[in-house]
Amino acid sequence: MLAFTIKRILATVPTLIAASMLIFLFIHLIPGDPAAILLGDTATPEEIAVLTKQMGLDQPVYVQYLKWLTNLLQGDLGTSIFFQVPVLSVIADGAETSGFLALMTMIWIIVLGIPIGAIAATKHGTWIDQITSGAAMFAASVPTFWLGLYLILIFAVGLGWLPSSGYPSIFEEGGLANLRYLLLPSLTLAAPNAALIIRLVRASMLDVQREDYVRTARSKGLHPVRVAYKHVFRNALIAVAAAFGFTFAALVSEAVVTETVFSLPGIGRTVVQSILRRDYPVIQGVILVIVVLYMVVNLLVDLAYSWLDPRVSLK
Amino acid sequence: MDVQNLSISVGNNPIVRNVSFSIEAGKTLGIVGESGCGKSLTSLAIMGLLEGTQVRLTSGRVIFEGTDILKVSVSERRALLGSRMAMIFQEPMTSLNPVYRIGDQIVEMILQHEPVGRTAAMQRAADLLRRVRIPDPESRLKSFPHQLSGGMRQRVMIAIALASNPVLLIADEPTTALDVTVQAQILDLLEELKTESGMGVILISHDLGVIAQTCHSVAVMYRGQIVEACSTVELFANPLHPYTGGLIVSIPDAYSNVDELNAIPGRVPTIDERISGCAFHPRCHCAKDNCSTQAPQTIQRADHLYQCHYPLEASS
Ligand SMILES: Nc1ncnc2c1ncn2[C@@H]1O[C@H](COP(=O)(O)OP(=O)(O)OP(=O)(O)O)[C@@H](O)[C@H]1O
Ligand SMILES: [Mg+2]
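Here is a short report on the structure shown in this document. Source: prediction; values computed, not measured. (Residues numbered from 1 in each chain as written. Chains lettered and ligands numbered in written order. Predicted model: local features only at pLDDT ≥ 70, side-chain atom pairs only at ≥ 80, totals over all residues. Heavy atoms only, no water.)

Some thoughts on the interface of chain A and chain B
Tallying the contact residues gives 20 residues for chain A and 25 residues for chain B. Roughly 2200 Å² is buried in total at the junction of chain A and chain B, and carbon and sulfur atoms are behind 54% of that figure. Between E108 of chain B and R226 of chain A there is a salt bridge, with its nearest N and O atoms 3.1 Å apart. If you look at where chain A meets chain B, you find 14 residue pairs in polar contact (both at pLDDT 80 or more). Taken together, the elements giving at least two residues each to the side of chain A that touches chain B come down to α9 (212-219) and α10 (224-261) of chain A. With 7 residues, α10 of chain A is the largest single contributor of residues to the side of chain A that touches chain B. (Contact = heavy atoms within 4.5 Å. Buried area = accessible area lost by both parts, 1.4 Å probe. Salt bridge = Lys/Arg side-chain N within 4 Å of Asp/Glu carboxyl O. Polar contact = N/O pair within 3.5 Å; in protein donor to acceptor, adjacent residues only side chain to side chain. Helix = DSSP H or I, 4+ residues; strand = E, 2+ residues; numbered from the N terminus.)

The structure is reproduced here in structure tokens:
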């Protein structure tokens, strides 16, 4: 297991290098002179020259890349043009909100998706199955912003149970109770992905149910609940684990929308604002963080995979 | 065990019709028939493993140790499975759960039916592997199914089936998926275990040669019906149904040198084809006019049952 993990981590290195090159080139994909565009129409040639030099854009591309990479490895993602502070601290400002949002969303996806999917599969063909499958279909097809707005309307405006927007840090007044600000956003973000997991768990359990080894399990005289849990569900999880990698990619783009709808001070909102402000170093930094996270998630998925399925050999 | 008039349908399509046979402790009954004739469905129905498919039991009784097990409650039925009757399947490659170790899969069966601890059960599992001739049982307990060959997996399946000393073992084509040398080993093993434990065995095969070696009596199935049933000796001495005759001459290098492909002309009709009269008549070399219109009744001559208007003449 340890050897497999190390090998798997080493395998991400080339991908990381390729990703860093792409992200670096991103700033060079802006048509025209980036410095001029960053400064806008009113900039004087002197200002442009200063910024060009400051950004190192007057040097050869490979020198720029190596410099950027060296800084990167030292944890320096550059300086925000708008805020004039290190990009890392801009990202860190949004990290708490986005981190908790992601965590709560994952919890929702797991506690809603897996049991409901399993129940739908064991009650296959009954009204329970039809209702949950219908609800899952609905949740999967509703746009994030629409669901978010409706949840605000019902639970914040109508019933007044939960706050509709913002998120004060848990280190401020209110402490952990501030997490209630993230209840509606995380539910909004979780809904379509939990729906996906429900349908996936259900479908793969129904698939596994037809396997010969499930028949063997039943021929042992085991209780149906034990057959469903130990034999069917356990094997169905293998297919589900793979899906979590894809879910993460969907979550990232939906998180941007959700943070905007609920005015959350998270990284998603930072991205949107940075795009509007043409704060390219921040955008670069955030993309880099997302790429790294994505790789970590996929690494975890692979590890889960090899742990769930002994046939995935640790060669 | 006594199986009486068992009929099975898929949707409205009857696949197994009025199958009856009985089997005693310590004896082996062979069921022989071409692929698709309903052998597996019959054995799964006896085990009660058909639920969850579109396959329905339409009639019949299965008397086991004095009770009709098709009538008892689901939980009583479950209590029999594994402990009193067990089954090994046609597909050794896929019949073991790929994510659990061999030992755990055997232990699961033991713990289900006996009040023993895990360590004791694991000890028993190792003994069982030794009984089915798996070398180095202690370390094999820790293997996953994909690390074993087909023959080894089938041995593990046999070990699982024998874990609680069943009185009836159904072996559904236990060797079809294996190569010839392994086939012989597995059959010898089954024979030995049967003699040791005194259980009754239903051995299903499409190979009459296999049946000849191991079974006391035989039921020949064609298109979901038993067309001939008697002792093995009698069957080979006096086959009455033309289909049986064809099967016997097609045993390779056996009793004649008839071109085996010509022994039974034609193919098994698909299950949706309706055939009037005797189901075998389109392929039968003795068929006369009434064979295509009138279904033959089961006729009993001494201990020999057959369904045919024009049985082959007794040769001895
Ligand atoms: N779950 C099912 N649903 C629909 N049809 C089925 C099902 N199981 C079996 N059948 C059909 O029933 C017929 C008999 O199948 P069965 O598996 O009993 O044959 P068999 O005699 O065991 O053949 P083989 O020697 O190939 O194992 C086949 O034509 C098959 O297509
Ligand atoms: Mg079969």
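A closer look at the site of ligand 1
Residues and elements named next belong to chain B. Contacts to ligand 1 come from 14 residues, most closely from S35, G36, S40, Q90 and E173. A distance of 2.7 Å separates an oxygen atom of ligand 1 from a polar backbone atom of G36. A distance of 3.3 Å separates an oxygen atom of ligand 1 from a polar backbone atom of C37. Considering ligand 1 on its own, with 640 Å² of exposed area, one finds that the protein chains cover 70% of that surface. If you tally residues by element for the shell around ligand 1, the top one is helix α1 (residues 39-47), at 3 residues. (Near = heavy atom within 4 Å. Areas by Shrake-Rupley, 256 points an atom, 1.4 Å probe, with all protein chains shown as cover.)

Remarks on the packing of helix α11 (residues 267-277) of chain A against helix α12 (residues 280-308) of chain A
Residues and elements named next belong to chain A. Their axes nearest at 9 Å, the elements α11 and α12 cross at an angle of 145 degrees. The interaxial crossing formed by α11 with α12 has left-handed handedness. Every residue of α12 that contacts α11 at I267, T270, V271, S274 and I275 is listed here: V282, I283 and V286. Along the lines of polarity and charge, the residues of the contact of α11 with α12 split into 6 nonpolar, 2 polar and no charged. (Axes fitted to C-alpha atoms, helices over the stretch in contact; angles between N-to-C directions. Left-handed = near helix turned anticlockwise from the far one by under 90°. Nonpolar A, V, L, I, M, F, W, Y, C, P; charged D, E, K, R; others polar.)

Let's talk about the coordination of the magnesium ion (ligand 2)
Within the protein, the magnesium ion (ligand 2) binds to S40 of chain B (OG) and Q90 of chain B (OE1); these donor distances fall in the range 1.8 to 2.3 Å. Note that S40 of chain B is positioned in helix α1 and Q90 of chain B in the loop between β6 (85-88) and α3 (102-113), a separation of 50 residues in sequence. (Donors = N, O, S within 2.8 Å, 3.2 Å for Na, K, Ca; no water.)

Some points on a nonpolar patch on the surface
Residues and elements named next belong to chain A. A cluster of nonpolar residues, F138, F145, W146, L149, Y150, L153, I154, L159, W161 and V257, forms a patch on the protein surface that exposes about 1000 Å² of accessible area. Tracing the chain through its elements places F145 in helix α7 (residues 144-158). Assessed through its relative accessible area of 44%, F145 is described here as partly exposed. (Patch = residues over 30% accessible without salt bridge, like charges linked within 9 Å, V, L, I, M, F, W, Y side chains within 5 Å. Buried < 20%, exposed > 50% of the residue type's maximum accessible area, 1.4 Å probe, protein only.)

Points about the packing of aromatic side chains
By the definition in use, this model includes 11 aromatic pairs over all chains. Ring geometry for Y243 of chain B versus F280 of chain B: centroids 5.2 Å apart, planes at 65 degrees, classification edge-to-face. Of the two residues, Y243 of chain B sits in helix α10 (residues 242-249) while F280 of chain B sits in the loop between α11 (260-263) and β11 (299-301), which places them 37 residues apart along the sequence. Here the aromatic residues F24, Y65 and W68 of chain A are joined through ring pairs into a cluster of three or more. In this structure, R277 of chain A packs its charged tip against the face of F82 of chain A, placed 4.0 Å from the ring centre. (Phe/Tyr/Trp six-rings, centres within 6.5 Å; stacked < 30°, edge-to-face > 60°. Lys NZ or Arg CZ within 6 Å of the ring centre and 35° of its normal.)

Quick word on the sheet that holds strand β2 (residues 13-22) of chain B
All names here are of chain B. Sheet architecture is open: 4 strands sit in the order β2-β1-β4-β5, paired in antiparallel fashion. Edge positions in the sheet fall to β2 and β5 (67-68), since each has one partner strand and no second. Examined bridge by bridge, strand β1 (residues 2-10) and β2 share 6 bridges and lie antiparallel to one another. Within β2, the residue paired with D2 across the bridge is S22. (Pairing = 2+ DSSP bridges.)

Remarks on the pattern of salt bridges
Oppositely charged side chains can pair when the atoms bearing their charge come close. All names here are of chain A. Enumeration according to the criterion identifies 20 salt bridges over all chains in this entry. A salt bridge links R210 to D207; the shortest N-O distance between them is 3.1 Å. Of the residues examined, R210 reaches a relative accessible area of 63% and is grouped as exposed. A residue is classified by how much of its surface remains accessible, and D207, at 45% relative accessible area, is partly exposed.

Description of the sheet that holds strand β12 (residues 304-306) of chain B
All names here are of chain B. Taken in spatial order, the 8 strands line up as β6-β7-β8-β3-β9-β10-β12-β11 in an open sheet, and their pairing is mixed. The open sheet has two edge strands with one neighbour each: β6 and β11. The sheet shows a mean angle of 15 degrees between the axes of neighbouring strands, direction not considered. One ladder, built from 5 bridges, connects strand β3 (residues 28-32) with strand β8 (residues 200-205); its direction is parallel. Each bridged residue has a counterpart across the sheet, and for L29 the counterpart in β8 is I202. Where helix α6 (residues 150-162) meets the sheet, it contacts β6 and β7 (168-172), and its direction lies at approximately 175 degrees from that of β6.

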